[in-house]
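Listed here are the chains, written in short residue letters.
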Amino acid sequence: MIWALVVIALVILIVALLPVSAMLFASTSQWFGRFPYRIRTKEKLLALSFDDGPNPPYTDELLNVLRNHGVKATFFVVGKNLEKFPQLGRTMVNDGHCIGNHTYSHEFSTYFSRSKFTSEIERAQAVIADITGTTPTLFRPPWLFRLPWTMHVLKTLNLTPISAVFGYEFEVIHQRTDAMVKRALQKVKPGLILDFHDGYDAKGGYRKSTVETIDKIIPALKSQGYTFLTVPELLQRAR
Ligand SMILES: [Zn+2]
């Protein structure tokens, strides 16, 4: 009950302060601490990142597309999904992709309790380590949402929060590959971390257009001279 009131109060506050919220909570905002979405560089470097998987058959298809183009990416997986589809996590690692933590259950309610938020992340870390043999150093908060105390929790857990620029803002609801390709290509600039989704929260999701979009933008961007790196590789290239 108390949490319901807290949630309602917070929602009212956020709506009332919409312009300020937009500035504070934008994916590019650094108000709550370092939250990289790009690095400063003139080199044509890019990092592709994918949230909310694994989610067959789209994650499998995406892995095939990335393999065909020789591109390594970063997957921010949901622990609960990885438990269901462990082999996909192992394929990500075997293919040389980087795996980041995107919480265990991808539920917004975890943002209202420090202990729940902490255990969500720790549980996902344990699942990822157990299944893939790698322990993430990167964390992407669901909806790119953060508050000063969540950033502090990440610090205590030795995790780096990673933001991004959405490849296509309406990816979740609007499934047109041509629109996605066009928008993503417009957004690209040197040093950017681009965000797409191979799933939808912890609920699966239809991601055919995302797979098709990635298959199209990689050759288009390679022909413009872009090189694709994982997020940790990109961060190391910062000047
Ligand atoms: Zn997500």
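To be clear, the structure that these remarks concern was listed above.
These notes cover the structure that comes with them.

Cut-off values and rules
- Along every chain, residues carry numbers that run from 1 in the direction the sequence is written.
- Given that the model is predicted, a residue must reach a pLDDT of at least 70 before its local features are reported, and side-chain atom pairs must reach 80 or more before they are shown or counted; all residues, however, enter totals for whole chains, interfaces and linings.
- Numbering of helices and strands starts at the N terminus; helices are DSSP runs of H or I of at least 4 residues and strands are runs of E of at least 2.
- How far a helix is expected to stretch is found by multiplying one less than its residue total by 1.5 Å.
- Three exposure classes are used. Buried residues have 20 or more other C-beta atoms within 10 Å of their own C-beta, exposed residues have 12 or fewer, and partly exposed residues fall in between, all C-beta atoms being placed from the backbone.
- Placing a C-beta atom from the backbone of each residue, one calls two residues in contact when those atoms lie within 7 Å.

1. Observations concerning helix α9 (residues 208-223)
(1) Moving on: Here α9 spans 24 Å end to end across 16 residues, near enough to the 22 Å set by a 1.5 Å rise per residue.
(2) Moving on: Every buried residue of α9 is listed here: Ser 209, Thr 210, Val 211, Thr 213, Ile 214, Ile 217, Ile 218 and Leu 221.
(3) Moving on: Residues of α9 that are buried make contact with β1 (45-51), α3 (58-69), α8 (177-187) and β7 (192-197).
(4) Moving on: Note on α9: the residue one or two positions beyond its end, Gly 225, has a positive phi of about 100 degrees.

2. Some words on the environment of Thr 110
(1) Moving on: Inspection of the secondary structure puts Thr 110 in the loop between β3 (98-101) and α6 (114-132).
(2) Moving on: Owing to 21 C-beta atoms within 10 Å, Thr 110 belongs among the buried residues under this scheme.
(3) Moving on: When the C-alpha positions of Thr 110 and Glu 120 are compared, they lie 7.4 Å apart, and in sequence the two are 10 residues distant.
(4) Moving on: If we ignore the near neighbours within four places in the chain, the residues touching Thr 110 are Thr 103, Lys 116, Phe 117 and Glu 120.

3. Quick look at unusual backbone geometry
(1) Moving on: For the peptide bond that leads from Gly 53 to Pro 54, omega is -5 degrees, which places it in the cis range.
(2) Moving on: On the secondary structure map, Pro 54 appears in the loop between β1 and α3.
(3) Moving on: Cis rather than trans, the peptide bond between Pro 56 and Pro 57 has omega equal to 5 degrees.
(4) Moving on: The backbone phi angle of His 106 is positive, close to 55 degrees, even though this residue is not glycine.
(5) Moving on: Following the sequence through the fold, His 106 ends up in the loop between β3 and α6.
(6) Moving on: Taking the number of C-beta atoms within 10 Å as the measure of exposure, His 106 has 22 and is therefore buried.
(7) Moving on: Residues other than glycine seldom take positive phi values, yet Asn 158 does so here, at roughly 65 degrees.
(8) Moving on: Take Asn 158: it is sitting in the loop between α7 (148-156) and β5 (160-161).

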